Amino acid sequence: MHSDRDSETTFDEDSQPNDEVMPYSDDETEDELDSALPAVEPEQNRINREAEESREPVKKDCSWQVKANDRNFHEQPQFKKTTFLCFKKSKYAGNAIKTYKYNAITFLPLNLLEQFKRVANFYFLVLLILQTIPQITTLSWYTTLVPLLLVLGVTAIKDLVDDIARHRMDNEINNRTCDVIRDGRFRSEKWKDIQVGDVIRLKKNAFIPADILLLSSSEPNSLCYVETAELDGETNLKFKMSLEVTDRYLQEESAMAEFNGLIECEEPNNRLDKFTGTLFWRGRSYPLDADKILLRGCKIRNTDFCHGLVIFAGADTKIMKNSGKTRFKRTKIDTLMNYMVYTIFILLILVSAGLAIGHTYWEQQIGNSSWYLYDGEDYSPPYRGFLNFWGYIIVLNTMVPISLYVSVEVIRLGQSYFINWDLQMYYPEKDTAAKARTTTLNEQLGQIHYIFSDKTGTLTQNIMTFKKCCINGQTYGEYRDETGQPQNHAEQVDFSWNMYADGKLAFCDHYLIEQIRSGKEAEVRQFFFLLAICHTVMVDMSDGQLNYQAASPDEGALVTAARNFGFAFLSRTQNTITISELGIERTYDVLAMLDFNSDRKRMSVIVREPDGNIRLYCKGADTVIYERLHPVNPQRETTQEALDIFANETLRTLCLCYKDISHGEYEAWNKKFMEASVAANNRDEALDKVYEEIEKNLFLLGATAIEDKLQDGVPETISKLAKADIKIWVLTGDKKETAENIGFSCELLTDETTICYGEDISVLLQTRLENQNNKAGSNINSSQRKNEAFFQSGRNRALIITGSWLNEILLEKKKKKKKLPKLKFPKTAEEREMQIQSKRRADANKEQQQKNFVDLACECSAVICCRVTPKQKAMVVELVKKYKKAITLAIGDGANDVNMIKTAHIGVGISGQEGMQAVMSSDYSFGQFRYLQRLLLVHGRWSYIRMCKFLRYFFYKNFAFTLVHFWYSFFNGYSAQTAYEDWFITLYNVLYSSLPVLLVGLLDQDVSDKLSLRFPRLYGSGQKDLLFNYKKFFISLIHGVITSLIIFFIPYGAYLQTMGQDGEAPSDYQSFAVTAASSLIVAVNFQMGLDTSYWTFVNAFSIFGSIALYFGIMFDLHSAGIHVLFPSSFQFTGTAPNALRQPYLWLTILLSVAVCLLPVIALRFLSMTIWPSESDKIQKNRKKYKAEEQWKRRQSTFRRGISTRRSAYAFSHQRGYADLIASGRNIRKKRAPLDAVLGNNMAEVRQDDETS
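Reading guide: rules and limits
Each residue is numbered by its place in its chain's sequence as written, counting from 1. Only residues with pLDDT of at least 70 get local features here, since the model is predicted, and only at 80 or more are side-chain atom pairs given and counted; chain-wide, interface and lining totals rely on the full set of residues. Computation of side-chain values covers all heavy atoms of the structure but excludes hydrogens and water. UniProt positions are given in the numbering used here, feature names are shortened, and annotations may be inferred rather than shown by experiment. The helix count covers DSSP runs of H or I at least four residues long, the strand count covers runs of E at least two residues long, and both are numbered beginning at the N terminus. Burial classes: relative accessible area under 20% of the type maximum marks a residue as buried, over 50% as exposed, and values in between as partly exposed (1.4 Å probe, protein chains only). A contact between two residues is defined here by any heavy atoms of the two lying within 4.5 Å. Here, Shrake-Rupley sampling with a 1.4 Å probe gives the accessible areas, and only protein chains in the shown set may cover a residue. A helix is expected to reach a length of 1.5 Å times the quantity of its residues less one. Here a polar contact is recorded for every N or O atom pair within 3.5 Å, except that within protein the pair must consist of a potential hydrogen donor and a potential acceptor, and residues adjacent in sequence are included only if both atoms are side-chain atoms. When a carboxyl oxygen of Asp or Glu lies within 4 Å of a side-chain nitrogen of Lys or Arg, that pair is called a salt bridge. Between N-to-C directions, angles cover 0 to 180 degrees, with each direction set by a line fitted to C-alpha atoms, over the stretch in contact for helices. Angles are sorted into four bins: roughly parallel if under 35 degrees, roughly antiparallel if over 145, roughly perpendicular if 65 to 115, and oblique for all others. Less than a right angle of anticlockwise turn of the near helix away from the far helix marks a crossing as left-handed, whereas a clockwise turn marks it as right-handed. Criterion used throughout: strands pair if DSSP finds at least two bridges between them. In this count, Pro and Cys sit with the nonpolar residues alongside Ala, Val, Leu, Ile, Met, Phe, Trp and Tyr, while Asp, Glu, Lys and Arg are called charged and the others, Gly among them, polar. Residues grouped as a nonpolar core are buried Ala, Val, Leu, Ile, Met, Phe, Trp, Tyr and Cys residues, joined through side-chain atoms within 4.5 Å. Two aromatic rings, drawn from Phe, Tyr or Trp (for Trp, its six-membered ring), form a pair once their centres lie within 6.5 Å of each other, and the interplanar angle then sorts them: stacked below 30 degrees, edge-to-face above 60, tilted otherwise. Each ring is checked for a lysine NZ or an arginine CZ that lies within 6 Å of its centre and within 35 degrees of its normal; such an atom marks a charge sitting over the ring. The patch calculation keeps residues exceeding 30% relative accessible area without a salt bridge and links them within 9 Å when they carry like charges or within 5 Å when they are nonpolar (Val, Leu, Ile, Met, Phe, Trp, Tyr).

In the nomenclature of an unreviewed UniProt entry, the protein chain is known as Phospholipid-transporting ATPase of Pelusios castaneus. As its UniProt record puts it under Sequence similarities (unreviewed entry), the protein chain is described as follows: "Belongs to the cation transport ATPase (P-type) (TC 3.A.3) family. Type IV subfamily." Recorded under Cofactor (unreviewed entry), the UniProt text for the protein chain is reproduced unchanged: "Mg(2+)".

Okay, here's the thing in structure tokens:
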């Protein structure tokens, strides 16, 4: 990427956004903005500037200073910053990374602080304190302490397990090793001990531990090849080059140890493609740019070793600056649940206040005049009412369910283990299982509206494969034998006849091999010869194998294909290229290399053949090649038909052509070429113009078709998710053409899709914004205007937009300041007010434009954002979250996806080719994109349904339990006396009613996993919040109120005038408490049975087991033996055996349960019969759906003679290696032997190379 072009594109307000440039405008300094301005300065400005400079020194941007091999330099006072009060530390970060939250000392205090931030936990702590005050409590303190300790303990253990996992991941990275200069020698040190200013040595295939300045390497001129997949998703190699002075003098270990250069550069920032700085050494200064910097996260490739100076470490590195902050994520249900707890708390206060007022009135009317109720305290009725208010807060505290939170955590933990154990999400090729890295977001997986996906490594495999070709009008690549007859089965070609074949190409057309080897058609051999000679690939030989380094993966695939078909590129010099043509080596003179770029979309070479003839070979996108063909091209139409067929198969196409050039024509052109090559201004444009003159009247040879291999199951997964009404946006740093091709391959885009580009929607959005500003003054039709659609309905549209257009449209692009002549006078109040108003208008316009963009994009069925930065990916996700209030999921596999993953409500990492950064920052991870459909449509949907059912039932059972106290108050003088025994209150939520609801929350499913995948529309209930909302909450509240009424008043009526069989009246308070409690336990557990959709032995055992456990514990607690041991704690001695031997009471319990459940059964039956849900219908017909549905790829209709879209070849994002080849800097020269450079460490390097 060229900084000149970047500055023009990103900051010049008059220029159009460049689709090929990845913009990094977010941290640009004002000096950089000004640097793009014309050099002409108004005289008045010059005077003002000189006056300012004379008054005070100008603050420089290059305030970051790094001294080589001098750690003490960075500890000087001027490099310290205040952290807290008077404590200071160095502004230079260490290289250790930290993602954990606690350590051994801080775990307990911080975790308790975090837990007591939850309103319910803090509320119960206050409640526990209140229960120690004897004047107001009627409940024992242990009824609150036991559940509270259980909640805090379970949550603390879960947090501890999660944090230990983070510690392990951090240690794994921080304890990697590399060689660092210490005491004059290279010694192995851990990454975490590396500091700014250290000189380090990296070996082939090693990750780069920090942002370093390249000093030298084993390659000629200290070239270094790096793979930047972690940064931008590109797998093709980039080259970096050191300064000539460091290459010359810093090769030996002793020279490295004595190196004492000082670097002054920019402060740490997130601009991956920019760096400005200066190296001061030996009395001279040397400018530094991004081409000399190796960034953390990249990988050293095809370079035996390199040396570098650490400039930014740890949190200051550019990749960490792009990672964004770790956000605390909460589910939508969590937020709703908190609001509901607040609602319950308000209800509790209102009910307690009402009952306290009732007690005050009762005391005045009855209590004061009843001598037998005197308790020895002469409190006034209002004061007694006040005490009773707190008494009722304690008695009715179970309305705010403390065990709710611990139960939710247990359910989420169980659901996370189910995800981890799912064998259908296990990827055997890499031995990678799905992993829920967080346990707090499972049910949110069932509510996703938007998915934001990376492309490279997430949707694709990063593998380019030569699939088909068309040569001289004949298409090759189908299943055929040597005679050209079609075959019914795939039989791979045997390339053993070719000594240079790599053995990796799977090709099944034997007829093409026969044509090449027989030489019957000269064009076939010429086709592959062109592929072998027209490229900018560089080659090296290791262990007898050819290794190619290409500027783009497509070009590498084509040269490798030519090699397999017998035309192997062997070597090149500055002006020659050697090729093996079916085993015969020939060397050709390369007279000129016309490199490709994003505007030309083609490249050419001019070569002199051994017989002296000069020929131009060209390859490029069909759109540009067809414009430059000779009028007489007999195979033009047949090749176009082949291109259309390839495009319909979503293959990436490229046209090949040639032209013979006379010596006179070449000499005349070469003169112009040499003049353009040394042009001082606009060299690139001058060269492109000269290239145009020679690249015309070309003769078409044919076309290639390359497959950018998708991961298995990607189109099927996207189709399923689309049917579930989940919109998928692709956010990639890759080229527009590449992203568009993949859109068609994975069926996000179809031939029927109308594609809108950045330039199209820019006009629409600008017009809409102007209309909105014009209408701002009047309210007429303003609401209608706001909701007006951008497009007419009925057509399938997709949006493809580049990062530069995104900045332009969202008004993120910084504008250069206009240097108008002005004097430096203080601003008046009016001027300041005008400036504030102007800024407000600009901010309002920006916000409105962003909202309009989101509205427009959401009208499209698919959105593809290409050439976007990591920060822009996060910005797009944030905009959708902000303006659509929708649940978002981001999925990616590289470090460039980390910011997006952290920003989305749910982040998913794919354990792919690009390291583990994305996985470490994610909430869920697995091996392949296709597992996303199972994660959402099965686990996500089930988790949502289970959690909603659990919450509805939990609120119901607590209201049914607690409000019995409320009804009892009307008969006990509002005295805050409990309706149950204390131990029943303590154990109700812990033992008697917890297991059935927990098992439903863990195991319940309305339909099977296969049916969930087969009918994605079932997913809609979570997106629309149908199963848990305020309406469902109030239904649970009303249901609980009615149940509590029945549980209290039926036993009360039965006890009103009764006589037992033995003549004893069982109408005492304790017998009543036992009867009401027994009725409640049976009713709520059977209610859970009615709510269970998926019955197993475990569910049945839990329901009947809970009832049996209740009776067993109750009889034990009411026994005489335990009363003798603890007389003050167990006062219901003999109550249960005495009361429950009466058949009359059993009939009362049966009647209470029947009245509670029969209306529910009737309503359920009517609901399923008259208003069945989608899952009810599928359950009813589930036998019909036993046969698995096979997904079929959408058929694309091909019509002969009609040109369809092009699946264009994706050129490199920048110019290729042509300049590097022409300069000769990559050609190996005789230099100091490696042993002299490395000294005693040579054997160690060689050993590491062999192991890697």
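With that out of the way, let us pick up the overall build of the protein chain. Of regular secondary structure, the protein chain possesses 44 helices and 35 strands. For the protein chain, buried positions account for 55% of its 1252 residues. Intrachain contacts of the protein chain at a sequence separation of at least 6 include 75% that bridge at least 24 residues. For the protein chain, the exposed surface amounts to about 56100 Å²; the carbon and sulfur share of it is 55%.

Attention shifts here to helix α35 (residues 1030–1056). Every α-helical turn comprises 3.6 residues, leaving residues that sit three or four positions apart pointing alike. Given a rise of 1.5 Å per residue, 27 residues ought to cover 39 Å, and the 38 Å separating the end C-alpha atoms of α35 matches this to within 8%. The opening residue of α35, the one whose side-chain oxygen lies 3.1 Å from the backbone nitrogen of Lys1031, is Asn1029.

The next point concerns the pattern of salt bridges. Inspection of the entire model under this criterion finds 43 salt bridges. Three or more residues joined by partner-sharing salt bridges are found here, namely Arg600, Arg602, Glu627, Arg628, Glu692 and Glu695.

This brings us to the packing of helix α11 (residues 332–365) against helix α13 (residues 402–420). Where α11 contacts α13, the axes come no closer than 13 Å and their chain directions differ by 165°. By the criterion of interaxial angle, the relationship of α11 to α13 is roughly antiparallel. Judged by the twist between their axes, the crossing of α11 over α13 is right-handed. Contacts between α11 and α13 involve Asp334, Met337, Asn338 and Val341 from the first element and Leu404, Tyr405, Val408 and Arg412 from the second.

Through backbone hydrogen bonds, the strands of a sheet pair up, either in parallel or in antiparallel fashion. Sheet architecture is open: nine strands sit in the order β16-β35-β34-β33-β17-β29-β32-β31-β30, paired in mixed fashion. Two strands lie at the open edges of the sheet, namely β16 (435–436) and β30 (754–757), each paired on one side alone. As paired elements, strand β33 (residues 888–892) and strand β34 (residues 906–910) share four bridges and run parallel to each other. Bridge pairing links Ala890 to Gly907 in β34.

What follows is about the packing of α13 against helix α30 (residues 931–969). The contact between α13 and α30 brings their axes to 11 Å, and the two run at 160°. Compared by their axis directions, α13 and α30 come out roughly antiparallel. Seen along the crossing, α13 lies across α30 with a hand that is right-handed. The residues of α30 that touch α13, namely those facing Ser403, Leu404, Ser407, Val408, Ile411, Arg412, Gln415, Phe418 and Ile419, are Leu935, His939, Ser943, Arg946, Met947, Phe950, Leu951, Phe954 and Phe955. Looking at the contact of α13 with α30, its residues break down into eleven nonpolar, five polar and two charged.

This part covers the nonpolar core. Of all hydrophobic cores here, the largest spans 98 residues; its most connected members are Phe950, Leu951, Phe955, Tyr980, Phe984 and Leu1080. At 17 residues, the largest contribution of residues to this core is made by α30. Beyond its immediate stretch of four places on either side in the chain, Phe955 contacts Met340, Ile344, Pro401, Leu404, Phe1028, Phe1033 and Ser1036. Core analysis: the next-biggest nonpolar cluster, separate from the first, contains 59 residues, Leu223, Tyr225, Leu237 and Cys469 among them.

Bringing the environment of Trp1146 into the picture now. On the secondary structure map, Trp1146 appears in helix α40 (residues 1143–1170). Residue Trp1146 is classed as partly exposed on the basis of its relative accessible area, which comes to 40%. Between the C-alpha atoms of Trp1146 and Thr1075, which are 71 residues apart in sequence, the distance is 8.3 Å. Those residues in contact with Trp1146 that lie beyond four places of it in its chain are Phe1111 and Leu1140.

On to the packing of aromatic side chains, then. Per the stated rule, a full pass over the model turns up 68 aromatic pairs. Note on Tyr383 and Phe386: the rings are 6.4 Å apart at their centroids and 25° apart in plane angle, and the pair reads as stacked. A residue pair is termed a helical-turn pair when its members lie 3 or 4 positions apart in one helix, as Tyr383 and Phe386 do in helix α12 (residues 381–395) at three residues. On the numbers, 5.3 Å between centres and 85° between planes, the contact of Phe955 with Phe1033 is edge-to-face. Of this pair, Phe955 sits in helix α30 while Phe1033 sits in helix α35, and the two are 78 residues apart along the sequence. For the residue pair Phe955 and Phe1033, the accessibility class agrees, reading buried in each case. When the ring centre of Phe186 is taken as origin, the NZ or CZ atom of Arg201, which lies over that ring, is 4.5 Å away. Lying across the ring of Trp281, Arg282 places its NZ or CZ 4.3 Å from the centre.

Side chains of Val119, Tyr339, Tyr342, Tyr1030 and Phe1034 sit close together on the surface and give an oily, nonpolar patch of about 450 Å² of accessible area. Mapped onto the secondary structure, Tyr339 falls in helix α11.

With a phi close to 55°, Asp431 is a non-glycine residue in the positive phi region. Classification of Asp431 by relative accessible area gives exposed; the value is 56%. Located in the positive-phi region is Tyr974, a residue other than glycine, with phi close to 55°. Secondary-structure assignment places Tyr974 in the loop between α30 and α31 (982–992).

The next point concerns the pairing of strand β25 (residues 602–608). With respect to burial, β25 is a largely interior element, six of its seven residues being buried. Summarising the sheet, strand β24 (residues 584–594) and β25 pair through five bridges and their orientation is antiparallel. Bridge pairing in β25 places Met593 opposite Val605. As paired strands, β25 and strand β26 (residues 614–620) are joined by seven bridges and run antiparallel to one another. Across the sheet, the residue bridging to Met603 is Lys619, located in β26. The turn joining β25 and β26, which pair antiparallel and follow one another in sequence, is formed by five residues; a positive phi near 95° is taken by Gly612.

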